[in-house]
Amino acid sequence: MKHPEHDIQTDIVNYLRLSKIFCFAVPNGGLRNLKTAAFLKKEGATAGVSDLIILLKNEAVFVEVKTKTGRQSPEQKIFQHAVELLGFRYLIWRSLDDAIKFVREIK
């Protein structure tokens, strides 16, 4: 079974951690039964939240991981708009190269 977004995200997380960049995933997707979905929603799970959050000194960066042809869902676009209105960066990364460029820019 192929999971290209998963593979890209795994490479990105490994690279960021090797680069001493604090990041974490928000496991918002995946199939769940209705009871579990309702439980998580009550805890604050929100559709469209970015795949990764990177914390830098006094800054949070939200990263959505997509394949070369992947597109944002309407919920992801709404989330992007909300965090950008608050002054945060929202990035769409399609490969490990995007993470490498980012790290070079911030170091």
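Everything that follows concerns the structure shown earlier in this document.
**Structural notes on the pattern of salt bridges**
And then number 1: Under the counting rule described, the total for this entry stands at 2 salt bridges.
And then number 2: Residue Glu-59 pairs with Arg-89 through a salt bridge whose shortest N-O separation is 2.8 Å. With Glu-59 in strand β3 (residues 59-65) and Arg-89 in strand β4 (residues 89-93), this residue pair connects regions lying 30 residues apart in the sequence.
And then number 3: For Glu-59, a relative accessible area of 29% translates into the label partly exposed.
And then number 4: Of the charged contacts, one joins Glu-64 and Lys-66 as a salt bridge, the two residues approaching to 3.7 Å between their closest N and O atoms.
And then number 5: Exposure remark for Lys-66: the relative accessible area of 7% places this residue in the buried category.

Each value, and the rule that gives it
- Residues numbered from 1 in each chain as written.
- Predicted model: local features only at pLDDT ≥ 70, side-chain atom pairs only at ≥ 80, totals over all residues.
- Heavy atoms only, no water.
- Salt bridge = Lys/Arg side-chain N within 4 Å of Asp/Glu carboxyl O.
- Helix = DSSP H or I, 4+ residues; strand = E, 2+ residues; numbered from the N terminus.
- Buried < 20%, exposed > 50% of the residue type's maximum accessible area, 1.4 Å probe, protein only.

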